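Take a look at the letters that make up each chain.
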Amino acid sequence: MSFLLLSLSLITQAVMAHSDAPRQLPLTQNDAFAETWLEKYGAQIDQPFSGPLSFSHIPYTRCLEDESKKFDIAILGMPFDTGVTYRPGARFGPFAIRSGSRRQREARGYTMSWKMNPYKVGATILDCGDVPVSPFDNALAVDQMEVAYSTLLSRPTASGTENSLPKIISLGGDHTIVLPILRALYRKYGPISVIHFDAHLDTWPGYAGAITKQSQITHGTFFYLAHEEGLMSNASIHAGIRTKLAGPEDLENDDKVGFQLISTDDIDELGIPEIVKIIRKRVGNTPVYLSLDIDVLDPSVAPGTGTPEPAGWHARELKRIIRGLAGLNFVGADVVEVSPAYDWAENTATVAADLVHDFLSLFLSEEPPSRKTRPKDEL
Ligand SMILES: [Mn+2]
């Protein structure tokens with residue numbers, strides 16, 4: 001018994017000796033008011049689950065109206081969802097992706113896979129808020145998105161690098177948002193190549209009954225229209241396609257629009273390194289826009305989307321392909337079609353936010369990271 005008491009006392013002393021608590025807690029309620037928060041606890045740092053909502057807790061700035069704010073990379077919400085063919089709801093995508101990003105932050109932004117923290121390499125990254133798009137008039141909304149994108153694209157970068165424009169990562173919104181984005185990018189860069197991750201082609205010329213000009217602008221037709229307007233190069237590529245088609249004629253049309261095609265199933269025969277090689281070869285060093293429809297992922301991974309298609313890629317596979325693309329001449333990117341009303345347990349929102357973190361690393365890396373976690377690891 002005495003041995004037990006001695007042991008307990010030694011343990012208690014050891015714990016007290018090694019305690020790094022700076023001081024004892026106050027004994028009375030009055031003592032608790034003897035100091036201010038700042039004196040006692042320091043800065044008011046938000047917890048992952050607290051504070052105002054911005055992407056990964058970075059500064060939320062209304063960049064469209066505030067010209068004084070400079071950035072190298074902007075996160076821009078485009079809450080537009082009135083161009084969909086099936087389930088609406090992606091207007092809540094920017095909110096959902098920001099919400100899904102709450103456990104991401106500068107203080108824990110280092111990833112083993114990229115071997116970097118995109119918030120700590122000297123680039124200024126701002127959450128530029130949302131474009132106030134009209135939910136009542138699609139023509140107006142499409143123009144608002146183009147004007148917003150052009151406005152931010154015309155700002156000098158924070159780092160002041162000559163001949164370099166800021167890069168914008170757009171949070172959709174349905175996929176229609178890419179038409180105004182390509183219009184804005186074209187004016188700065190000329191024809192754009194697109195790396196397009198999606199279950200669907202999005203190159204359809206139109207739908208039965210779409211007899212007005214505006215009704216032809218949808219999340220399934222915008223690439224066709226962008227091609228018709230001459231906004232795209234002929235060096236674009238899809239990856240992850242698996243949708244059902246009217247027939248082979250859809251693929252012939254897709255080829256005319258300028259896309260090479262990697263299907264979902266190709267990953268089994270080709271493997272990830274070969275897919276990376278094909279994409280890199282296709283776009284070369286042309287100005288390239290990365291557009292990621294979250295439905296490229298399997299619906300079990302990302303159920304919160306408007307037009308789910310079974311048997312897609314896993315997030316792990318997609319993330320590895322994206323890492324392989326580092327060093328290409330990226331001019332912008334998006335994650336679209338996140339629709340939280342159909343999400344389960346924030347799975348879709350969390351993976352979308354994680355992909356945006358990858359995009360930041362992608363834009364700030366000159367080449368794909370090596371596979372080894374640490375140089376000395378023998379694997
Ligand atoms: Mn799409």
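Residues numbered from 1 in each chain as written. Predicted model: local features only at pLDDT ≥ 70, side-chain atom pairs only at ≥ 80, totals over all residues. Heavy atoms only, no water.

- The name given to the protein chain in an unreviewed UniProt entry is Agmatinase 1, and the organism recorded there is Mycena indigotica.
- The record in UniProt for the protein chain states the following under Sequence similarities (unreviewed entry): "Belongs to the arginase family. Agmatinase subfamily." (UniProt positions renumbered as here; feature names shortened; annotations may be inferred.)

Re the packing of helix α9 (residues 266–283) against helix α10 (residues 315–323)
Each pair of packed helices can be summarised by the angle the axes make with each other and by the distance between the axes.
Piece 1. The interhelical angle for the contact between α9 and α10, taken along N-to-C directions, is 30 degrees, at an axis separation of 8 Å. Comparing the axis directions of α9 and α10 gives the class roughly parallel. Each of I267, I272, I275, V276 and I279 in α9 lies in contact with α10, whose residues at this interface are E317, R320 and I321.
Piece 2. Considered class by class, the residues forming the contact of α9 with α10 number 6 nonpolar, no polar and 2 charged. (Axes fitted to C-alpha atoms, helices over the stretch in contact; angles between N-to-C directions. Helix = DSSP H or I, 4+ residues; strand = E, 2+ residues; numbered from the N terminus. Parallel < 35°, antiparallel > 145°, perpendicular 65-115°, else oblique. Contact = heavy atoms within 4.5 Å. Nonpolar A, V, L, I, M, F, W, Y, C, P; charged D, E, K, R; others polar.)

Side note on the state of the cysteines
Piece 1. Summed over all chains, the structure comprises 1 disulfide.
Piece 2. The disulfide partner of C63 is C128, and the S-S distance across this bridge is 2.1 Å. Its S-S torsion of approximately -70 degrees makes the covalent link between C63 and C128 left-handed. Taken together, the residues span a long stretch of sequence, with C63 in the loop between α3 (37–41) and β1 (73–78) and C128 in strand β2 (residues 125–130) at a distance of 65 residues. With respect to burial, C63 and C128 carry one shared label: buried. (Disulfide = S-S within 2.5 Å. Buried < 20%, exposed > 50% of the residue type's maximum accessible area, 1.4 Å probe, protein only.)

Remarks on α9
Piece 1. Look at α9: only 19 Å from first C-alpha to last across 18 residues, short of the 26 Å you get at 1.5 Å a residue.
Piece 2. Within the sequence span of α9, burial applies to I267, I272, I275, V276, I278, I279 and V283.
Piece 3. Among the structural elements, β4 (193–197), β5 (236–241), β6 (259–263), β7 (288–293) and α10 are those in contact with the buried residues of α9.
Piece 4. In the stretch just after α9, G284 is the one whose phi turns positive, near 55 degrees. (Expected span 1.5 Å × (residues − 1).)

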